[in-house]
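Below, each chain spelled out in residue letters.
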Amino acid sequence: MKNLSECRLYGILDLGYLPVTELESTARMMLDGGVDILQLRAKKSSAAEIQPLAEMLSPVCRSFNVPFILNDHPELVPLTGADGAHVGQDDLTVARARELAGPDALIGLSTHSLAQAVEARQAGPDYIGFGPLFATPTKPDYVPVGLEDIRAVHEQVSLPVFCIGGIKLENLPVVRAAGAARVVIVSGILQAADVADYCRKCRALLD
């Protein structure tokens, strides 16, 4: 399995953008294009609905040696073969998520300010998400944090930091110039005419 420290491009299969029928084919295109870590996000689905989808996607990610993460639902990690779970500030604690997911699971934590990112070290996640950098329909209630604190986050937080929120191929050079080493891209990938090619272009900028 690819080590988290090697991961640069984090893709999310978000059922807000994607029908269930296209999950597997889109996952394969994203992985072919160089996505290093893949998350399933299904905010409006129950655990019972998510479980078979995760069971389908786990072996696909494993065939590419890419970690597979569930948004929320750490209890499904040992049941589905997923590699970890991602929790938000208002979800389960990192400790509780790890307890449910298993001691070897990867646990990610969302942070929405420099202060939250620094505090996150105490919670002990394996990585953090930092953002949203820009306004995004995925998180309409969150105030964008902008680019100013990206370098400070990387200087003050020793964990892998994945910048997220409104990042697309078009603004990725600006995000990189601001100091980001790792990014999460959602709608840009999922709405691309050629998903694999879009991911390759993003990877080229990150590499």
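Our subject is the structure listed above.
One structure accompanies this document, and this report is about it.

Cut-offs and rules
Residues numbered from 1 in each chain as written. Predicted model: local features only at pLDDT ≥ 70, side-chain atom pairs only at ≥ 80, totals over all residues. Heavy atoms only, no water. Helix = DSSP H or I, 4+ residues; strand = E, 2+ residues; numbered from the N terminus. Buried < 20%, exposed > 50% of the residue type's maximum accessible area, 1.4 Å probe, protein only. Contact = heavy atoms within 4.5 Å. Expected span 1.5 Å × (residues − 1). Bend = angle between axes of the 7 residues up to and from the residue. Salt bridge = Lys/Arg side-chain N within 4 Å of Asp/Glu carboxyl O. Polar contact = N/O pair within 3.5 Å; in protein donor to acceptor, adjacent residues only side chain to side chain. Pairing = 2+ DSSP bridges. Axes fitted to C-alpha atoms, helices over the stretch in contact; angles between N-to-C directions. Phe/Tyr/Trp six-rings, centres within 6.5 Å; stacked < 30°, edge-to-face > 60°.

1. So, the environment of Leu 133
By secondary structure assignment, the location of Leu 133 is in the loop between strand S6 (127–130) and helix H6 (150–156). On the basis of relative accessible area, Leu 133 is assigned to the buried category, the value being 1%. Residues in contact with Leu 133, not counting those within four places in the same chain, are Pro 144, Val 145, Gly 146, Leu 147, Ile 150, Cys 163, Ile 164, Gly 165, Ile 167 and Val 175.

2. Brief notes about helix H2 (residues 47–63)
With 17 residues, H2 extends 24 Å between its outermost C-alpha atoms, agreeing within 8% with the 24 Å of an ideal straight helix rising 1.5 Å per residue. Roughly 25° is the biggest bend found in H2, and it falls at Ala 54. Of the positions making up H2, those classed as buried are Ile 50, Leu 53, Ala 54, Leu 57, Ser 58, Val 60 and Cys 61.

3. Digging into the pattern of salt bridges
Throughout the structure, instances matching the rule amount to nine salt bridges. For Asp 126, the salt bridge is made with Arg 98, and the minimal N-O distance between the two is 3.1 Å. Here the residue Asp 126 occupies a position in the loop between helix H5 (114–123) and S6, and Arg 98 occupies one in helix H4 (residues 94–101), the gap between them amounting to 28 residues. The partly exposed category is assigned to Asp 126, whose relative accessible area is 24%. Note that Asp 207 and Arg 203 form a salt bridge whose closest N and O atoms lie 2.9 Å from each other. Here Arg 203 falls in the buried class, since its relative accessible area comes to 16%.

4. Some points on the side chain of Thr 111
Its place among the elements puts Thr 111 in strand S5 (residues 106–111). In terms of polar contacts, Thr 111 uses its side chain to reach the backbone carbonyl oxygen of Gly 129, at 2.7 Å. The contacts of Thr 111, once residues within four sequence positions are left out, are Gln 89, Gln 116, Ala 117, Ala 120, Ile 128, Gly 129, Phe 130 and Gly 131.

5. Some remarks on the sheet that holds strand S8 (residues 182–185)
Taken together, eight strands build a closed barrel; the order of strands is S1-S2-S3-S4-S5-S6-S7-S8 and the barrel is parallel. Looking at each pair of strands side by side, their axes are set apart by 25° on average, direction ignored. This element, helix H1 (residues 23–32), spans strand S1 (9–14) and strand S2 (37–41) of the sheet and lies at about 170° to S1.

6. Notes on the packing of aromatic side chains
For the structure shown, the criterion picks out three aromatic pairs. Geometrically, the ring pair formed by Tyr 10 and Phe 162 is edge-to-face, given 5.3 Å between the ring centres and 80° between the ring planes. With Tyr 10 in strand S1 and Phe 162 in strand S7 (residues 161–163), this pair connects stretches of sequence that are 152 residues apart. For the residue pair Tyr 10 and Phe 162, the accessibility class agrees, reading buried in each case. Every member of this aromatic cluster is reached through a ring pair, and the members are Tyr 10, Tyr 127 and Phe 162.

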